[in-house]
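Analysis of the macromolecular model
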Protein chains: 2
Amino acid sequence: MTGIKDVAERAGLSVATVSRALSGKGNVSPGSRERARAAAAELGFVLSYHASSLASGRTHNVGLVVPSVHRWFFSAVIEGASAALLEAGYDLTLYNIGENPAHRHSVFNDFLLRKRVDAVIAVSLELSEAEIQQLHAMNRPIVGIGGPLPGASTIRIDDTGIARKATNHLLGLGHSKIAHITGHEAYDQDFHLPGTRRGGFEKAMNDAGCPVRPEWIVSADFTVEGAYRAARQLLASAPERPTAVFAASDEMAIGTILAARDFGLRIPDDLSVIGIDGHDLGNVLGLTTIDQDAKGQGALAVRTLLGAISNGLVLEPADAEHPTNLVVRTSTAVPKESPS
Amino acid sequence: MTGIKDVAERAGLSVATVSRALSGKGNVSPGSRERARAAAAELGFVLSYHASSLASGRTHNVGLVVPSVHRWFFSAVIEGASAALLEAGYDLTLYNIGENPAHRHSVFNDFLLRKRVDAVIAVSLELSEAEIQQLHAMNRPIVGIGGPLPGASTIRIDDTGIARKATNHLLGLGHSKIAHITGHEAYDQDFHLPGTRRGGFEKAMNDAGCPVRPEWIVSADFTVEGAYRAARQLLASAPERPTAVFAASDEMAIGTILAARDFGLRIPDDLSVIGIDGHDLGNVLGLTTIDQDAKGQGALAVRTLLGAISNGLVLEPADAEHPTNLVVRTSTAVPKESPS
DNA sequence: CTTTCAGTTGGAAGCGTTTCCAATTCCCTG
DNA sequence: CAGGGAATTGGAAACGCTTCCAACTGAAAG
């Protein structure tokens, strides 16, 4: 393969100068820079980041750890991060934890320790003490998305706030019989996010003087299918039905809509539904939601990390709150029955 | 950081021996092997694959190139490949081409050439001559999933066959007025898959003596939303409505179901719908489909590549046909009107 | 016309492994 | 007990870069 030595030879320069010219670091005369570039282009030379990383310690590679690759939020973060990294010339190593504990273990105890990545993005991971330590042991900048990561920088949305906002949207329309589909508390790969959103829901309800009925709070695993089942139960078993449902994610809102249709309930006439996310399907389904710009969160994480990398790998733990945006579509409306 | 030298010192062995002991290659006495292992474990030593790759040429990293991270099929392939790689101790570098031509270009002209990957999996990519050349220029094993990749090994399903199978399922139920939602031919990131599936559809129709009505063949971009729009047009504009729809993917089948519901059409009473994929949502929606085990295809691709890697990076171009499986659920039934 | 200094340049020492090669040890043969 | 081959070991040379350092250049300053 053609190496930097070949380029140097062709350009009539030393290896050192070519390296400086190509990397843009250090002083090189414009002429030499141009000759180096030209020679590299002619030879189709591409730097080997492997070798480069050995010498410089920079791998030009960022690790992205996600609990799953199927849930919409994670795909969106991947997409946003991937594009931002591509643009910066960085590779993206994907660690899909999945449900297998052995996989999870090896990601934290082998893969991440191989000094292959300059930085790590951890998405919606509820980490154990040991895992956090492993992460910090890498001595690399880390940013967490979707919840707090002790000692790391974090990008998050105001979960309590948006839950309140969503609930208030329903309350504002005149609903008082509002159900909530939350996440499983035990779903240990997620931050305490279910609880937080649920807290916002309850707070808004209380503030409005609406009773929170325990039987109208059901939980699911954040998937369409799980919420579909939960919503069926909610809608079937109630002696009295809620007139609105606030789901903790769009996928669960979609599951709710599907379940409602099974019962012949019209959306929004018989049931209003609101979610959180900004899922692509929301458009088709007319789902009212709170858009949290997951793609943007992924991109922001990358920008944060690249900043830290060029800053000598130091990243002050910080907390960035990402803006959200209520998108009103056709799944929410004034309840048919006169409000209390 | 602790390096192999530290391990060697601690174990009272030479660096060379420790390297052999840890990698399992070359002859090492059981005693030395054990001492090396122990010392490595005690020090929490993890091999740097960067350095390792410089010396050995093996990166322990596989590149996965996908057109998008959102469409179900791609996520599923990623999931399957990711798990298989994790198990083998390999990293997965994800290249999400996306819609940006510049990104696409840099993936093929920069990223893949950096000698960072031992092998490449390319999913559903319709590649240009130049791109194929770049790929082969890497001189690494390549496997394509979802369609032919000139000169590379391929994992695919029998697209014509399953399209026939799907169509025959509808025909067998008594349908004759069958519409088809195909992919955009011009959708250049996909193989000629839309055409192939459409061909199978037409063949089955012809064989059954059913006319193929051009106005009942509409195309979309393989997404739920796109198919939703296409199906709305199909269902709205027809002076006569089809009694069944065969969609070239589950996501498009789902879009069709959503559109049908907008028109008050009951599934399957008024409209039967069948798709192809094995999408998770199929279960909730009762979607009849042909499961193509995308996860399995991803895993198989990995196994194929790992085989090639241990075989000196040579991979005979071959063609593996992955099995598919008709899953009959509730979205297809005998048409209400008496069949012709 | 020296001196000085910033801007350029090349040599060479690593970076952390693998692997070739030669040396050593050990266990069998004869 | 010498000789031979296999198994085991360590030294050292790569692998393809970056970067420290010293040497050199030229122009501005004195």
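Structure's up top.
So, here is what we can say about the structure in this document. (Residues numbered from 1 in each chain as written. Chains lettered and ligands numbered in written order. Predicted model: local features only at pLDDT ≥ 70, side-chain atom pairs only at ≥ 80, totals over all residues.)

A few points about the overall build of chain A
- Scanning chain A for helices and strands turns up 13 helices and twelve strands.
- Judged by the C-alpha coordinates and their principal axes, chain A covers about 85 × 40 × 30 Å.
- For chain A, contacts bridging at least 24 residues in sequence account for 71% of all contacts bridging at least 6. (Helix = DSSP H or I, 4+ residues; strand = E, 2+ residues; numbered from the N terminus. Contact = placed C-beta atoms within 7 Å.)

Quick look at the interface of chain A and chain B
- The partner chain B presents 41 residues to the 41 residues of chain A that form the contact.
- Of all the secondary structure elements, the ones that give two or more residues to the side of chain A that touches chain B are helix H4 (49-56), helix H5 (72-88), strand S2 (91-96), helix H6 (101-109), helix H10 (224-237), helix H11 (250-262) and helix H12 (281-285) of chain A.
- Of all the elements, H5(A) adds the most residues to the side of chain A that touches chain B, at six residues.

Points about the packing of H4(A) against helix H4 (residues 49-56) of chain B
- Contact geometry for H4(A) and H4(B): axes closest at 9 Å, N-to-C directions at 125°. By the angle between their directions, the pair H4(A) and H4(B) is classed as oblique. As H4(A) packs across H4(B), the resulting crossing turns out to be left-handed. Every residue of H4(B) that contacts H4(A) at His50(A), Ala51(A), Ser53(A) and Leu54(A) is listed here: His50(B), Ala51(B), Ser53(B) and Leu54(B). (Axes fitted to C-alpha atoms, helices over the stretch in contact; angles between N-to-C directions. Parallel < 35°, antiparallel > 145°, perpendicular 65-115°, else oblique. Left-handed = near helix turned anticlockwise from the far one by under 90°.)

A closer look at the relation of the copies chain A and chain B
- Taken as rigid bodies, chain A and chain B are interconverted by a rotation of 180° and an axial shift of 0.1 Å, the fit giving an RMSD of 0.2 Å. Here the symmetry operator amounts to a two-fold rotation axis. Distance from the rotation axis, computed per C-alpha, reaches its smallest value in chain A at Thr93(A): 2.2 Å. (Least-squares fit on C-alpha atoms with pLDDT ≥ 70 in both.)

Some thoughts on the sheet that holds strand S8 (residues 244-247) of chain A
All names here are of chain A.
- As summarised here, the arrangement of the six strands in space is S7-S6-S8-S9-S10-S12, forming an open sheet in which the pairing is mixed. Two strands close off the open sheet at either side, each with one partner strand: strand S7 (217-220) and strand S12 (325-327). Taken pair by pair, the neighbouring strands of this sheet meet at an average axis angle of 20°, ignoring direction.
- Two strands pair when backbone bridges link them, and strand S6 (residues 178-183) and S7 are joined in this way by four bridges, in the parallel orientation. Residue pairing across strands places Ile181 opposite Val218, the latter belonging to S7. (Pairing = 2+ DSSP bridges.)

Details of the protein's contact with DNA strand C
- Close to DNA strand C lie 28 residues, the nearest being Ser14(A), Ile4(B), Ala16(B), Ser19(B) and Ala55(B).
- Residue assignment for the surface near DNA strand C shows that the elements contributing at least two residues are helix H2 (15-23) and H4 of chain A together with helix H2 (15-23) and H4 of chain B.
- A class-by-class count of the residues in the surface near DNA strand C yields 14 nonpolar, twelve polar and two charged. (Near = placed C-beta within 6 Å. Nonpolar A, V, L, I, M, F, W, Y, C, P; charged D, E, K, R; others polar.)

Describing unusual backbone geometry
- Going from Ile267(A) to Pro268(A), the amide bond is cis rather than trans, its omega being 5°.
- Examined against the element boundaries, Pro268(A) turns out to sit in the loop between H11 and strand S9 (272-277).
- In the Ramachandran plot, Asp293(B) falls in the positive-phi region, its phi being about 50° despite a non-glycine side chain.
- The exposure class assigned to Asp293(B) is partly exposed, which follows from the 18 C-beta atoms found within 10 Å. (Buried ≥ 20, exposed ≤ 12 C-beta atoms within 10 Å, placed from the backbone.)

Brief notes about the packing of helix H5 (residues 72-88) of chain B against helix H13 (residues 294-310) of chain B
All names here are of chain B.
- H13 packs onto H5 with a crossing angle of 40° between their chain directions and a minimal axis gap of 7 Å. Here H13 runs oblique to H5, going by the angle between their axes. H13 is crossed by H5, and the crossing has right-handed handedness. Contacts between H5 and H13 involve Phe73, Ala76, Val77, Ile78, Glu79, Gly80, Ala81, Ala83, Ala84, Leu85 and Ala88 from the former and Ala294, Lys295, Gly296, Gln297, Gly298, Ala299, Ala301, Val302, Arg303 and Leu306 from the latter.
- Partitioning the contact of H5 with H13 into residue classes produces 14 nonpolar, four polar and three charged.

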